[in-house]
Amino acid sequence: MSPFQSWFSNIMNFKSDSSPEAGQSAHDPVAPNEVQYPSESLKSESEDTIVHISYDPLNPPPHPGANWTRFICISDTHSSTFNIPHGDVLLHSGDLSKMGREDQIKITVEWLRAQPHPVKIIIAGNHDLPLHQEWYKSAYRMFHGTKKESCSRIRSLVDSKLNRKHGLVYLQDESHTFQAKEGGRTWSIYGSPWQPYYGGWAFNYMPGDEADALVSKIPEVDILLTHGPPHMLLDEALSGGHVGCSSLSTHLSRMAKPPRLHVFGHIHEGHGALMHSWSPSDSEPSAGRHPSRSTITVNAANYPMGPKARLPNNTSVPCGGLGFQPVIVDFLDVTEA
Ligand SMILES: [Zn+2]
């Protein structure tokens, strides 16, 4: 297939996968209580981190206590809505919508605004087309034909005073700090919607200089949200091997203090979490390096794709269902170094 054909068939597959007939809506016939959810979690040796990847959604693991902060990680919800476990902070790593239409983004924003999590931080992804304003000016025809969306209206949907009143903050190549609890510690976060070129979607970059320039803007923060994964970490696509960004993994490996948590999505079939230790060979030697050179790495994509998207009885897994659940990350609140 030509690049255009493969891009087009990708869009068409996506559209057909996202139709209600495919069982991805709130009316999915498979109710949570009809599915066995195996328990899958990770715990750090220092016992300051617990990650829950698979759990009973009707009875999620209890919050570990007042001196812990619970992060709920979601991504690639593509205008689907589902029950999210409660926590202190809700993080969404982009692809808020199916195809960047105003009504599709509105569904997600209203759903997130209504969540009880005191802090909610979101970024865009390659499907949230009009949020890449400069690019959309000419690229809209390819995706939206003659029905052009208003970039300014969509930007004000995700980034508004009303949203901030509900604790919902949109980040696009920028940092932010927040307290999850009154009097608690301050967390720093950076959000970036970009990913390596694939099919000419929003926020695509070319490998090499363009990739380096974009990822070099990412500062040392506690939490990093990117839409795309780093190379070799939960980035294996069904077609085409490890498609994550090597500029991003190199940049993170060279940090004196890499992020404690990195959440992304984009490659839905790579959903999962791991504790990644950046080895000394990953980076150049640097004096005064922070002792903790590990990152909780989460591919939080909730929209099912790949072999796990179907249950053995051949029914579809709903968005956020078995194998694609929100990932729960519990951190003991240690004072910043
Ligand atoms: Zn997606």
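Thresholds, definitions, all that
- Residue indices begin from 1 for each chain and proceed along its sequence in written order.
- Confidence filtering applies because this is a predicted model: local features only for residues at pLDDT of at least 70, side-chain atom pairs given and counted only at 80 or more, and all residues used for totals across whole chains, interfaces and linings.
- Runs of E in the DSSP output that reach at least two residues are strands. Runs of H or I that reach at least four are helices, and both are numbered from the N terminus.
- Put plainly, a residue is buried at 20 or more neighbouring C-beta atoms within 10 Å of its own, exposed at 12 or fewer, and partly exposed in between, counting only other residues' C-beta atoms, which are placed from the backbone.
- It is the C-beta atoms, placed from the backbone, that decide contacts: two residues are in contact if theirs lie within 7 Å.
- Strand pairing requires that DSSP identify at least two bridges connecting the strands.
- Think of each axis as a best-fit line through the C-alpha atoms, taken over the contacting stretch in the case of a helix, with angles from 0 to 180 degrees between the N-to-C directions.
- Relative orientations are named as follows: roughly parallel for angles under 35 degrees, roughly antiparallel for angles over 145 degrees, roughly perpendicular for angles from 65 to 115 degrees, and oblique for any other angle.
- Residues are sorted three ways: Asp, Glu, Lys and Arg are charged, Ala, Val, Leu, Ile, Met, Phe, Trp, Tyr, Cys and Pro are nonpolar, and all the rest, Gly among them, are polar.
- In this usage, the nonpolar core is the set of buried Ala, Val, Leu, Ile, Met, Phe, Trp, Tyr and Cys residues whose C-beta atoms join them within 7 Å.
- pLDDT is a per-residue confidence score from the predictor, ranging from 0 to 100.
- Expected span of a helix: the number of residues minus one, times 1.5 Å.
- It is the directions from the helix axis to the C-beta atoms whose arc is reported.

Per an unreviewed UniProt entry, the protein chain is named Calcineurin-like phosphoesterase domain-containing protein, and its organism is Serpula lacrymans var. lacrymans.

A few words on the overall build of the protein chain. Tallying secondary structure elements over the protein chain gives 7 helices and 17 strands in all. Taking all 337 residues of the protein chain together, 41% fall into the buried category. Expressed as a percentage of contacts within the protein chain between residues at least 6 apart in sequence, the contacts between residues at least 24 apart total 69%.

The strands that make up a sheet are held in pairs by hydrogen bonds between backbone atoms, and each pair lies either parallel or antiparallel. The strand order β7-β8-β11-β14-β16-β15 describes an open sheet built from 6 strands, whose pairing is mixed. In the strand order of this sheet, the two ends are held by β7 (174-179) and β15 (272-277), each with one partner. Each neighbouring strand pair of the sheet contributes to a mean axis angle of 20 degrees, computed without reference to strand direction. Pairing analysis gives 6 bridges linking β7 to strand β8 (residues 186-192), with the strands arranged antiparallel. Paired with threonine 177 across the bridge in β8 is serine 188.

Further remarks concern the packing of helix α2 (residues 102-113) against helix α4 (residues 151-158). Running from N to C, α2 and α4 point in directions that differ by 5 degrees, and their axes come no closer than 10 Å. Taken together, α2 and α4 sit at an angle that is classed as roughly parallel. Contact residues: Glu102, Ile105, Lys106 and Val109 in α2; Arg153, Ile154, Leu157 and Val158 in α4. When the residues that make up the contact of α2 with α4 are grouped by side-chain class, the tally is 5 nonpolar, no polar and 3 charged.

Another point: the sheet that holds strand β2 (residues 49-54). The sheet built from 7 strands is open, its strands ordered β1-β2-β17-β3-β4-β5-β6 with mixed pairing. With one partner strand each, in any of the chains shown, β1 (40-43) and β6 (168-170) form the two edges of the open sheet. Adjacent strand axes in the sheet meet at a mean angle of 15 degrees, parallel and antiparallel pairs treated alike. Pairing of β1 with β2, which is carried by 4 bridges, proceeds in the antiparallel orientation. Across the sheet, the residue bridging to lysine 43 is isoleucine 50, located in β2.

The subject of this paragraph is the nonpolar core. Ranked by internal contacts, the top residues of the largest apolar core, which has 65 residues, are Cys73, Val327 and Val329. Once residues lying within four places of it in the same chain are set aside, the contact partners of valine 327 are Val51, Ile53, Cys73, Ala273, Val298 and Ala300.

Okay, unusual backbone geometry next. Of note in this structure, methionine 232 is not a glycine but carries a positive phi near 75 degrees. You can see methionine 232 is positioned in the loop between β11 (223-226) and β12 (236-237). At leucine 234, a residue that is not glycine, the phi angle is positive and equals roughly 50 degrees.

Do not read the fine detail of predicted coordinates wherever pLDDT is low. Per-chain confidence: the protein chain averages 88 in pLDDT, with 85% of residues scoring 70 or above. Low confidence marks residues 1-28, where pLDDT is under 50. Its contacts with residues over four positions away, or in another chain, come to 26 contacts. Counted against residues more than four places away or in other chains, residues 283-290, with its pLDDT under 50, gives 10 contacts.

With that out of the way, let us pick up the environment of glycine 94. The residue glycine 94 is located in the loop between β4 (89-92) and α2 in this model. Here the alpha-carbon distance between glycine 94 and histidine 127, two residues 33 residues apart in the chain, equals 8.3 Å.

This part is about α2. In an α-helix, one turn spans 3.6 residues; hence positions three or four apart end up facing the same way. For α2, spanning 12 residues, the distance from its first C-alpha to its last is 16 Å, which sits close to the expected 16 Å at 1.5 Å a residue. Along α2, the residues classified as buried are Ile105, Thr108, Val109 and Leu112. Along the axis of α2, the buried positions cluster into a sector of 95 degrees, meaning they face one direction only. Opposite its buried face, α2 presents the exposed residues Asp103 and Glu110, each directed more than 90 degrees away.

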